[in-house]
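# Remarks on the overall topology
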Amino acid sequence: MLEVKNVFKSYPTAQGPLGVLRGVDLRLDDGGSLALMGESGSGKSTLLHLVAGLDQADSGLIDIGGQRLDRMSEAQLANWRRTEIGLVFQQFNLIGSLNVGDNLAFQARLAGRHDPAWQEQLIERLGLGAVLQRYPEQLSGGQQQRVAIGRALASRPGLLLADEPTGNLDEATSDEVLQLLLELLHDSRTSLLMVTHSPRVAERLAHKVVLHQGRLAARSER
Ligand code: ADP
Ligand code: MG
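Structure report, in brief. The residue numbering used here restarts from 1 in each chain and proceeds along that chain's sequence as written. Here every chain gets a letter starting at A, and every ligand a number starting at 1, in the order they are written. Totals for whole chains, interfaces and linings use every residue, but because this is a predicted model, local features are given only for residues with pLDDT of at least 70 and side-chain atom pairs only at 80 or more, for both listing and counting. Excluding hydrogens and water, the side-chain figures rest on all heavy atoms present in the structure.

### A few points about the site of ligand 1
If you check the shell around ligand 1, you find Tyr 11, Leu 18, Val 20, Glu 39, Ser 40, Gly 41, Ser 42, Gly 43, Lys 44, Ser 45 and Thr 46 and nothing else. Contacts described as polar in this section are N or O atom pairs within 3.5 Å, which, within protein, must combine one atom able to donate a hydrogen with one able to accept it, while residues neighboring in sequence count only if both atoms come from side chains. Contact distances for ligand 1 include 3.2 Å between an oxygen atom and a backbone N or O atom of Ser 42. At 3.0 Å, a backbone N or O of Gly 43 approaches an oxygen atom of ligand 1. Contact with the protein chains covers 58% of the free accessible surface of ligand 1, which is 560 Å². The way it works is that DSSP assigns letters per residue, a run of H or I at least four long becomes a helix, a run of E at least two long becomes a strand, and they are numbered from the N terminus. Looking at the shell around ligand 1, the elements with two or more residues in it are β2 (18-28) and α1 (44-51). With three residues, α1 is the single largest residue contributor to the shell around ligand 1. The class makeup of the residues in the shell around ligand 1 is three nonpolar, six polar and two charged. Each residue is tested against the molecule or strand, and it is near if at least one of its non-hydrogen atoms lies within 4 Å. Per-residue and other accessible areas were derived by the Shrake-Rupley procedure at a 1.4 Å probe size, with only the shown protein chains allowed to occlude residues. In the scheme used here, Gly and all other residues not listed as nonpolar or charged are polar, with Ala, Val, Leu, Ile, Met, Phe, Trp, Tyr, Cys and Pro taken as nonpolar and Asp, Glu, Lys and Arg as charged.

### What about the side chain of Thr 196?
Mapped onto the elements of the fold, Thr 196 is located in the loop between β8 (191-195) and α7 (199-203). A polar side-chain atom of Thr 196 sits 3.0 Å from the main-chain amide nitrogen of Ser 198. What makes two residues a contact is simply this: any of their non-hydrogen atoms within 4.5 Å. Not counting residues up to four positions away in its chain, the partners in contact with Thr 196 are Ala 35, Leu 36, Met 37, Glu 164, Val 201 and Ala 202.

### Concerning the sheet that holds β2
Any two strands between which DSSP finds at least two bridges are classified as paired. If you trace the four strands from one edge of the open sheet to the other, you get β2-β1-β4-β5, paired in antiparallel fashion. Two strands bound the open sheet, and with one partner strand each, they are β2 and β5 (67-68). Judged from the two bridges that link them, strand β4 (residues 59-64) and β5 form a sheet pairing that is antiparallel. Of the residues in β5, the one forming a bridge with Asp 63 is Arg 68.

This is the structure in C-alpha cells:
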C-alpha cells in the first residue's frame, strides 16, 4: 500500500522558493489504480518523482508497503527502487543502443530478478515477439510504449508509476496500450499511479484525484 501524508515540496527560484506541493495526502491500496490529474505545472510529475524516491519531500511522509522513504539511505533507496518500482514515461525512454529483447530484460537484470518465463509471457501478451531484434527507432510509438511497459513490469514491481504514458499516442493506440497495461497489472497484482491529462484514460482507473494549488482537490470513485 502507498500512503502519502501532508507532503510539502518547493523548488528554489530567483524569486524565492516556489511551493509546488502544499500538504498532499494520498492513499493507494495494493492492486489499486489511481489517476492523477491537474493542470500543466500543478506538480503531478513532482509528486510522482517523490513517490519514486527520485527526489525528497521537504516534509511529510511517504510510506510504500511499510517502508518510509525518508528513512532509507541512498543505497537502500536505489536498491528498493530497482525492485519495487516500475516507471513508464511519456517519452518511452528506451535505450537506443539495445534491441527490444535487451530493453525488456534490462531493468529486471539490474534488479537481479530476470525471470525468463515471465519475460516470455510479457513478450507474448504485449505482442512483441516479431520485433525482439529491432531497435527502438525502428518501432512505432505504440510499440515503443509496449516495450517500456514490459521493461517496467519485468521485475514484478509492487507499484507502477506512469507519467502521461499515453500522452504521445493517438486515441486508438492509447486505448489499446492502456487495456494491455491494465490486464498485466491486474494479473501481477501491481498497483498503479498514473498521471494523465485524458479524462478518457482516467475513467478506466478505479480512482481519480486532481492536483490543484498544491493540494489534492477532488477525489471521485467509480
Ligand atoms: P506537472 O507535471 O503537473 O506539469 P511539475 O511537477 O513538472 O508539474 O512542475 C510543477 C512546478 O514546479 C512547475 O511550475 C515547474 O516549473 C516547477 N518545477 C518542476 N521541477 C523543477 C525544478 N527541478 N526546479 C525548479 N522548478 C521546478
Ligand atoms: Mg509533468
